[in-house]
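Here are the chains, one letter per residue:
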Amino acid sequence: MPSWKYSCLLPGTEATWRNLNIVKPQLERRENKTYNTFTAIIYRTQVVAGTNYLIKVQNSDDGYVHLRVFQALPHENQGPSLTDYQTGKTKDDPLVCF
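Reading the values: rules and limits
Residues numbered from 1 in each chain as written. Predicted model: local features only at pLDDT ≥ 70, side-chain atom pairs only at ≥ 80, totals over all residues. Heavy atoms only, no water. UniProt positions renumbered as here; feature names shortened; annotations may be inferred. Pairing = 2+ DSSP bridges. Helix = DSSP H or I, 4+ residues; strand = E, 2+ residues; numbered from the N terminus. Contact = heavy atoms within 4.5 Å. Axes fitted to C-alpha atoms, helices over the stretch in contact; angles between N-to-C directions. Buried < 20%, exposed > 50% of the residue type's maximum accessible area, 1.4 Å probe, protein only. Polar contact = N/O pair within 3.5 Å; in protein donor to acceptor, adjacent residues only side chain to side chain. Phe/Tyr/Trp six-rings, centres within 6.5 Å; stacked < 30°, edge-to-face > 60°. Lys NZ or Arg CZ within 6 Å of the ring centre and 35° of its normal.

- An unreviewed UniProt entry annotates the protein as Cystatin domain-containing protein of Pavo cristatus.
- Annotation of the protein in UniProt includes, under Subcellular location (unreviewed entry), the sentence "Cytoplasm".
- Its UniProt record gives the protein a comment under Sequence similarities (unreviewed entry), which states: "Belongs to the cystatin family."

Listed below in structure tokens is the structure:
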């Protein structure tokens, strides 16, 4: 998936945070960890048959994770789902397609 198909970087918004509340438990299950800090910093979108989100999330004082989240079209009545993620990221790591 080329990164040029994604939007420019946008600051985390209330809608992004709502999606995070849904995908946070999905990441915690996969990683077998609990995150006390989980804040959207920036994100990008890609419109497909729904929307893909790339989201940079601060998950500790100096730790970050990059999430790829898919939100289906509204008529499908499905919540956002975590499709992929990258841990061990820093504040300065670029948010690019993975």
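### Regarding the sheet that holds strand 5 (residues 81-89)
- With antiparallel pairing, five strands are arranged side by side in an open sheet as 1-2-3-4-5. Of all strands in the sheet, those bounded by a partner on one side alone are strand 1 (10-11) and strand 5.
- Examined bridge by bridge, strand 4 (residues 64-71) and strand 5 share six bridges and lie antiparallel to one another. Bridge pairing in strand 5 places Phe-70 opposite Ser-81.
- The sheet strands contacting helix 1 (residues 14-31) are strand 2 (39-48), strand 3 (50-58), strand 4 and strand 5, and the helix crosses strand 5 at an angle near 75°.

### Here we look at the UniProt feature "domain: Cystatin" (unreviewed entry) in the protein
- When the UniProt feature table is mapped onto this chain numbering, "domain: Cystatin" (unreviewed entry) sits at residues 20-91.
- Between the first and last C-alpha atoms of residues 20-91 the distance is 18 Å; the span itself is 17% helix and 50% strand.

### Observations concerning the environment of Gln-71
- Along the chain, Gln-71 falls in strand 4.
- Given a relative accessible area of 18%, Gln-71 falls into the buried group.
- With 23 residues separating them in the primary sequence, Gln-71 and Val-48 have C-alpha atoms 9.7 Å apart.
- Those residues in contact with Gln-71 that lie beyond four places of it in its chain are Asn-19, Gly-50, Thr-51, Tyr-53, Gln-78, Gly-79 and Pro-80.
- From its side chain, Gln-71 meets the backbone oxygen of Gln-78 in a polar contact 2.9 Å long.

### Description of the environment of Thr-39
- Along the chain, Thr-39 turns up in strand 2.
- Beyond its immediate sequence surroundings of up to four residues, Thr-39 is in contact with Trp-17, Leu-20, Lys-56, Val-57 and Gln-58.

### So, the packing of aromatic side chains
- By the definition in use, this model includes two aromatic pairs.
- Taking 6.2 Å as the distance between ring centres and 40° as the angle between the ring planes, the aromatic pair formed by Tyr-43 and Tyr-53 counts as tilted. Pair noted here: Tyr-43 is in strand 2 and Tyr-53 is in strand 3, with a separation of 10 residues, a long-range link. Pair check on accessibility: Tyr-43 and Tyr-53 agree, each one buried.
- The aromatic ring of Phe-98 is capped on one face by Arg-68, whose charged end is 5.4 Å from the ring centroid.

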